[in-house]
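Here is what each chain is made of, one letter per residue.
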Amino acid sequence: MSEVSTVDGRTVRVALLGCGTVGREVARLLTEQADELAARAGAPVELAGIAVRRPDKHPELPRHLLTADAGALVESDVDVVVELIGGIEPVRGWLLSALRKGKSVVTANKALLAEYSAELSEAADAAGADLYFEAAVAGAIPLLRPLRESLAGDRITKVMGIVNGTTNYILSAMDSTGANYAETLEEASRLGYAEADPTADVDGYDAASKAAILASLAFHSRVTASDVHREGIAGVSSFDIAAAKALGRTVKLLAICERVTADDGTESVSARVHPVMIPRSHPLAAVGGAFNAVFVEADAAGELMFYGQGAGGAPTASAVLGDLVAVARNRVLGGRGPRESAHAALPVRPHLQTPTRYHISLDVADRPGVLAQVAHVFAAHEVSIAAVRQRDRTSTASLVIVTHLAPEAALEATVEEIGKMDVVHEVVSVMRVEGED
Ligand SMILES: NC(=O)C1=CN([C@@H]2O[C@H](COP(=O)(O)OP(=O)(O)OC[C@H]3O[C@@H](n4cnc5c(N)ncnc54)[C@H](O)[C@@H]3O)[C@@H](O)[C@H]2O)C=CC1
Ligand SMILES: N[C@@H](CC=O)C(=O)O
Ligand code: NA
């Protein structure tokens, strides 16, 4: 039994840590929908305190609820801690302390979960508390609960999708209007999509954290952010976007988590985040703005697609509130949410072994025999070519090559060697390709 006492045996008292883009929407919905939430949870859900960095900057919030001391609020007489501050320390310490005292935790903090979900889950299990985090991946989209619960009886083989709203907002704008990268990023921040430090978005850290969480849940294993191969969108140029368009493709930042079965039957997990050219006819190509979409493939269920708003205050608050009602209900009725399921303990496959396809665009000398020389390098690395397109310029020619599947290591070695050839003036663009044309 938890040692937590409620105000009158039924009221569920909530500590809200952070009242920024997401927290303020959670506070609003908690207040505006108090009666409905109470009916759904089986007891009133009461906001007992709100921790913010600067209480004086929040005249819109009830003064008596505000504190700058999040640690003290966590230790006070509350049943549930909703954490919407972000980052690792000092949040990790506060949440561990809450869980160890049997208080349930709802968090949207993917950066923390991608590193410490094992530690947090163990603390929750030991004290019989709940740890819910639906908002941490793909904002409003119910995705983690389906993975943890609805698909618990199936065998998931792949999870792939757009899980970062900020970068999708930027790439969509670059593709449709040729918009400027820096200005579009500023707008994504203004709209509340970007992280406090937007390099987490553009350099792929945010998506890598989400990929780690998805892979852990999908494959019942422990995958951390450092296990995920990560590339952001900073290197995606307007040339890459134009090259993709010329091939009837578009560029998206994808998180790809796969169960890989080796010839001897042993299984491992591959998890990566990088820009990918996908056909414009692919369902993910139509996902614009800050929307997210994730495909899940499972043996019995087949292919499932989850789509919706992946970032922003209100959509993310929707997922937080859903979790809050669930943990409140568990407190009122007795019961627990799903525990960590890491029994499969699959190892993570080194990125260089991952089979993938490349699109390579080269500026080469415009003379006979160049294509044969370039093709020879591909053959030497056992990379087979799926398509070649050549266009003459004045003294140079542009050569576009799309490969068949080959191990990442072979593709990287091929590109490196090609870059050193005298006949190759410049390797203009290298990007991975997903989906059939
Ligand atoms: N903004 C979005 O679209 C989404 C955000 N998230 C996650 O939700 C969390 C919150 O994100 P945002 O609301 O966008 O952040 P934000 O930067 O707008 O708000 C952070 C809040 O935390 C408070 N805070 C910071 N340090 C504090 C401290 N030491 N003590 C007390 N309060 C402190 C700030 O005063 C502010 O109220 C992050 O983990 C983020 O990754 C998840 C999904 C979507
Ligand atoms: N910064 C994130 C917010 C949601 O997780 C994003 O852009 O997706
Ligand atoms: Na979600």
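Rules behind the numbers
Per chain, residue numbering runs from 1 following the sequence as it is written. Labels are handed out in written order, letters beginning with A for the chains and numbers beginning with 1 for the ligands. Local features in this predicted model are restricted to residues of pLDDT 70 or higher, and side-chain atom pairs are both shown and tallied only at a pLDDT of 80 or more, whereas totals for entire chains, interfaces and linings draw on every residue. Side-chain calculation: all heavy atoms of the structure are included, whereas hydrogens and water are not. UniProt positions are given in the numbering used here, feature names are shortened, and annotations may be inferred rather than shown by experiment. An automatic or database domain assignment is the source of the domain bounds shown. Any two residues whose heavy atoms approach within 4.5 Å at even a single point are treated as in contact. Buried area is calculated as the accessible area (1.4 Å probe) missing from two parts once they are joined, with the contributions of both summed. Each salt bridge in this description consists of a side-chain nitrogen of Lys or Arg and a carboxyl oxygen of Asp or Glu lying within 4 Å of one another. The criterion is simple. A nonpolar core is a set of buried Ala, Val, Leu, Ile, Met, Phe, Trp, Tyr and Cys residues joined through side-chain atoms within 4.5 Å. Exposure is judged per residue with a 1.4 Å probe applied to protein chains only, and the accessible area is read against the type maximum: over 50% gives exposed, under 20% gives buried, and values in between give partly exposed. In DSSP terms, a helix is any run of H or I states spanning at least four residues, a strand is any run of E spanning at least two, and both are numbered starting from the N terminus. Only N, O and S atoms count as donors, using a 2.8 Å cut-off from the metal and 3.2 Å for Na, K and Ca, and because water is excluded some sites may appear unfinished.

The protein chain goes by Homoserine dehydrogenase in an unreviewed UniProt entry, where it is assigned to Amycolatopsis taiwanensis. Turning to the protein chain, the UniProt annotation filed under Sequence similarities (unreviewed entry) states: "Belongs to the homoserine dehydrogenase family."

## Regarding the domain arrangement of the protein chain
Reports of interface size often rely on the accessible area that becomes lost once the parts have come together. Along its sequence, the protein chain is organised into domain 1 (12-139 + 313-333), domain 2 (144-309) and domain 3 (352-433). Distance from the C-alpha centre of domain 2 to the C-alpha centre of domain 3: 26 Å. Of the residues lining the interface, 16 residues belong to domain 2; the matching set on domain 3 comes to 13 residues. In total, domain 2 and domain 3 occlude about 1200 Å² of area from one another, counting both sides; carbon and sulfur atoms represent 62% of this. It is Phe-239, Leu-247 and Met-277 in domain 2 that bury the most area against domain 3; as a group they hold 39% of the surface buried on that side. Between the two partners, domain 2 and domain 3, sit one salt bridge. With a closest N to O distance of 2.8 Å, Arg-432 and Glu-231 form a salt bridge.

## Some details on the nonpolar core
Counting 74 residues, the largest nonpolar core has Val-81, Leu-143, Leu-144, Ile-156, Leu-214 and Val-296 as its most contacted members. In this structure, Leu-144 is in contact with Phe-133, Glu-134, Val-137, Ile-213, Leu-214 and Leu-217, ignoring residues within four places of it in sequence. With 35 residues, the next largest nonpolar core counts Cys-19, Ile-50, Val-80 and Ala-319 among its residues.

## A short note on the pattern of salt bridges
With the rule as written, the count across this model stands at 27 salt bridges. Salt-bridge contacts for Lys-210 lead to Asp-206; the nearest nitrogen and oxygen are separated by 2.6 Å. In this pair, Lys-210 and Asp-206 both sit in helix H10 (residues 205-219), four residues apart, roughly one turn of the helix. Residue classification places Lys-210 among the buried positions, given a relative accessible area of 4%. The class for Asp-206 is buried, based on a relative accessible area of 4%. Note that Arg-272 is salt-bridged to Glu-258, the shortest N-O span being 3.0 Å. Here Arg-272 is found in strand E10 (residues 267-279), whereas its partner Glu-258 is found in strand E9 (residues 249-261), with 14 residues between them in sequence. Through salt bridges with shared partners, a single ionic network connects Lys-110, Glu-195, Asp-206 and Lys-210.

## Quick notes on the side chain of Ser-209
Mapped onto the elements, Ser-209 comes out in helix H10. What Ser-209 contacts, discounting residues up to four positions off in sequence, is Lys-110, Ala-111, Ala-114 and Ala-225.

## Side note on unusual backbone geometry
Geometrically, the link from Glu-89 to Pro-90 is a cis peptide bond, its omega value of 5 degrees lying close to zero. Along the chain, the position of Pro-90 falls in the loop between strand E4 (80-83) and helix H4 (91-100). The phi dihedral of Glu-382 falls on the positive side, at around 60 degrees, and the residue is not glycine. Positionally, Glu-382 belongs in the loop between helix H13 (370-380) and strand E14 (385-392). Glu-382 sits in the exposed class, given a relative accessible area of 71%.

## A few points about the coordination of the sodium ion (ligand 3)
Coordination sphere of the sodium ion (ligand 3), protein contribution only: Glu-134 (O), Glu-134 (OE), Val-137 (O), Gly-139 (O) and Ile-141 (O), at 2.4 to 2.7 Å. Every donor residue of the sodium ion (ligand 3) comes from the same chain, spaced as E-x2-V-x1-G-x1-I. One exposure class covers both Glu-134 and Gly-139, and it is buried.

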